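Secondary and tertiary structure notes
Each chain is listed here by its residues.
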Amino acid sequence: MFSLGSWLPALPGLAWGWALLDALLQGLVGACAVSVLCSLLKVYLYIQCANNPERQAEKEAMAARRPLLEPLHVLVLTAALALVGSRVAALVVLEFSLRAVSTILSLGKGAHSSQLYLLCQYSLGCGVSCGLSFLLEGAPHRTWNLALAAGLAGLLALHARRLARHVCALYELHSRQRYCGVCILLLAAGHGIPRLLRNALAITFAVADLAAVELINRDFLSTGEAMRFWTPLTICYTLLVVYMQEESRQSTGRGSAFRTVVVRMGGLFILLLTVGRWTDILHVFVSLLGELWCLLRSGVLLESCCRQVRGGHRRATPG
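On a predicted model such as this, the values are computed, not experimentally measured, just so you know.

Topic: the overall build of the chain
Helix and strand content of the chain: 13 helices and zero strands. Starting at the N terminus and walking to the C terminus, you meet the elements of the chain as α-α-α-α-α-α-α-α-α-α-α-α-α. Counting every position in the chain, which comprises 319 residues, the buried fraction comes to 47%. For the chain, restricting intrachain contacts to residue pairs at least 6 apart in sequence, the fraction spanning at least 24 positions comes to 80%. Surface accessibility of the chain: about 16300 Å² in total, with carbon and sulfur atoms responsible for 68%.

If you want it as structure tokens, here you go:
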């Protein structure tokens, strides 16, 4: 069958160009996945605020129009995911998976889940990129497959963004007048959005974790070499999880989220100084910028989730 570039001469620079194109397409798919996550979470949080008269300020902040910010967010995140190497991306995925399991087991279900969805943005992008890298490794038409995936992901992200805009502009009017089928559906079943996101993220990270372990292990020539890498990694991640659990109990808010990102990336940086390569160090800095960018972009949503958590704590505390 026809393959993109099969009629072109095999030049080293041309092969590098195709690799860069593949990396950009993988990054675009991951960025679109993050965009869908944020749009659906924005819909859910807006509905919660619209139904609560005490949260009108949050609702107005979410409804503010920023037409250029979303495309810029996708472009920046695409570049970050394309630059970060598969090794560091795999480590980010494994670290978040361990942290998410620990958080769910210790805190249970509830308001904390929405905040966890926002904190997983960059990890989700890395997970999608790792999954695609592993599933399409050695595929004869890899570039075409990635282009198709990017196109479908872009359409899904566009429709999710339009849904969020529609809800922020017309949900209250349509839900009162029973005029719009979409708003009526959200009025009846909008509370199920977190469950939908939880199931989708569970599947995505399950595939990403398997891909991440395989991508890391393929760099080792022996079991002993692999053990010299996995042993300090396990210790480092265990200490990080313990620290972040204690941090989440003591404080909530944007400041706590930013401190957690710096501590996580700092721990990964120190680990890779001993068992990594110099390119891994560069990719850790790229990951730090990507994490901070995602948190800055979703600042309004994160603050709404933190207020929801604080409100749940006050209701749970007697007197």
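That covers the picture; the talk isn't over yet.
Quick notes on a nonpolar patch on the surface
On the surface, Phe-134, Leu-135, Ile-203 and Val-207 cluster together into a nonpolar patch covering about 380 Å² of accessible area. Taken together, the elements giving at least two residues each to the nonpolar patch come down to helix H6 (121-135) and helix H9 (193-217). Counting through the fold element by element, Phe-134 comes out in helix H6.

Quick word on the pattern of salt bridges
Pairing is possible between side chains of opposite charge, provided their charged atoms come close. Evaluation of the coordinates by the stated rule reveals six salt bridges. With its nearest N and O atoms 3.1 Å apart, the salt bridge here joins Arg-99 to Glu-95. You can see Arg-99 and its partner Glu-95 sitting in helix H4 (residues 86-107), four residues apart, about one turn around the helix. Summarising the burial analysis for this pair, Arg-99 and Glu-95 share the class buried. Put simply, Arg-264 and Glu-291 hold a salt bridge, and the shortest N to O gap is 2.8 Å. With Arg-264 in helix H11 (residues 254-275) and Glu-291 in helix H12 (residues 278-297), this pair connects stretches of sequence that are 27 residues apart. Glu-291 matches Arg-264 in its accessibility class, with the two residues each being buried.

Notes on the UniProt feature "transmembrane region" (unreviewed entry) in the chain
The positions that UniProt labels "transmembrane region" (unreviewed entry) are, in the present scheme, residues 68-94, 114-136, 143-164, 229-245 and 257-275. Secondary structure content for residues 68-94 is 89% helix and 0% strand, while the C-alpha to C-alpha distance between its ends is 33 Å. Across residues 143-164, helical content stands at 100% and strand content at 0%; the span's end C-alpha atoms are separated by 31 Å.

Re the side chain of Ser-39
Topologically, Ser-39 is positioned in helix H1 (residues 12-50). Ser-39 sits in the buried class, given a relative accessible area of 7%. Excluding anything up to four places from it in sequence, Ser-39 contacts Ala-160, Arg-161 and Ala-164.

Notes on the nonpolar core
Counting residues in each nonpolar core, the largest one holds 89 residues, and the members touching the most others are Tyr-122 and Leu-268. Tallying contributions element by element places H1 first for this core, with 17 residues. Leave out the neighbours within four places in its chain, and Tyr-122 touches Leu-77, Ala-80, Leu-81, Val-84, Val-92, Val-286, Ser-287, Gly-290, Glu-291 and Cys-294.

Focus: the packing of aromatic side chains
Overall, the coordinates contain two aromatic pairs when judged by the stated rule. Between Phe-96 and Phe-205 the ring centres are 5.1 Å apart and the planes differ by 40 degrees, which places this aromatic pair in the tilted class. With a gap of 109 residues between them, Phe-96 in helix H4 and Phe-205 in helix H9 connect regions that are remote in the sequence. Residue class for Phe-96 comes out buried when judged on its relative accessible area of 4%. On the basis of relative accessibility, which here comes to 8%, the residue Phe-205 falls in the buried class.

Some remarks on H12
For H12, spanning 20 residues, the distance from its first C-alpha to its last is 29 Å, which sits close to the expected 28 Å at 1.5 Å a residue. All of the buried residues along H12 are Asp-280, Ile-281, His-283, Val-284, Val-286, Ser-287, Gly-290, Glu-291, Cys-294 and Leu-295.

Let's talk about the packing of helix H7 (residues 142-177) against helix H8 (residues 181-189)
A pair of packed helices is characterised by two quantities: the angle between their axes and the separation of those axes. Relative to each other, H7 and H8 sit at 80 degrees, their axes nearing to 9 Å. In terms of orientation, H7 lies roughly perpendicular with respect to H8. Note on element contacts: H8 touches H7 through Val-182, Cys-183, Leu-186 and Leu-187, opposite Leu-163, His-166, Val-167, Leu-170, Tyr-171, His-174 and Ser-175. Its residues placed into classes, the contact of H7 with H8 shows eight nonpolar, three polar and no charged.

Topic: helix H3 (residues 69-83)
An α-helical segment advances 3.6 residues per turn. Residues three or four places apart therefore align on the same side. Between its first and last C-alpha atoms H3 spans 21 Å; for 15 residues at 1.5 Å apiece the expected length is 21 Å, and the two agree. All of the buried residues in H3 are Glu-70, His-73, Val-74, Leu-77, Thr-78, Ala-80, Leu-81 and Ala-82.

With respect to the environment of Val-84
Looking at where Val-84 falls in the secondary structure, it is placed in the loop between H3 and H4. Assessed through its relative accessible area of 8%, Val-84 is described here as buried. For the pair formed by Val-84 and Gly-27, sequence separation is 57 residues and the distance between their alpha carbons is 9.3 Å. Each residue touching Val-84, except ones within four places of it in the same chain, is listed here: Ala-89, Tyr-122, His-283, Val-286 and Ser-287.

Definitions and cut-offs
- Residues numbered from 1 in each chain as written.
- Predicted model: local features only at pLDDT ≥ 70, side-chain atom pairs only at ≥ 80, totals over all residues.
- Heavy atoms only, no water.
- Helix = DSSP H or I, 4+ residues; strand = E, 2+ residues; numbered from the N terminus.
- Buried < 20%, exposed > 50% of the residue type's maximum accessible area, 1.4 Å probe, protein only.
- Contact = heavy atoms within 4.5 Å.
- Areas by Shrake-Rupley, 256 points an atom, 1.4 Å probe, with all protein chains shown as cover.
- Patch = residues over 30% accessible without salt bridge, like charges linked within 9 Å, V, L, I, M, F, W, Y side chains within 5 Å.
- Salt bridge = Lys/Arg side-chain N within 4 Å of Asp/Glu carboxyl O.
- UniProt positions renumbered as here; feature names shortened; annotations may be inferred.
- Core = buried A, V, L, I, M, F, W, Y, C linked by side-chain atoms within 4.5 Å.
- Phe/Tyr/Trp six-rings, centres within 6.5 Å; stacked < 30°, edge-to-face > 60°.
- Expected span 1.5 Å × (residues − 1).
- Axes fitted to C-alpha atoms, helices over the stretch in contact; angles between N-to-C directions.
- Parallel < 35°, antiparallel > 145°, perpendicular 65-115°, else oblique.
- Nonpolar A, V, L, I, M, F, W, Y, C, P; charged D, E, K, R; others polar.

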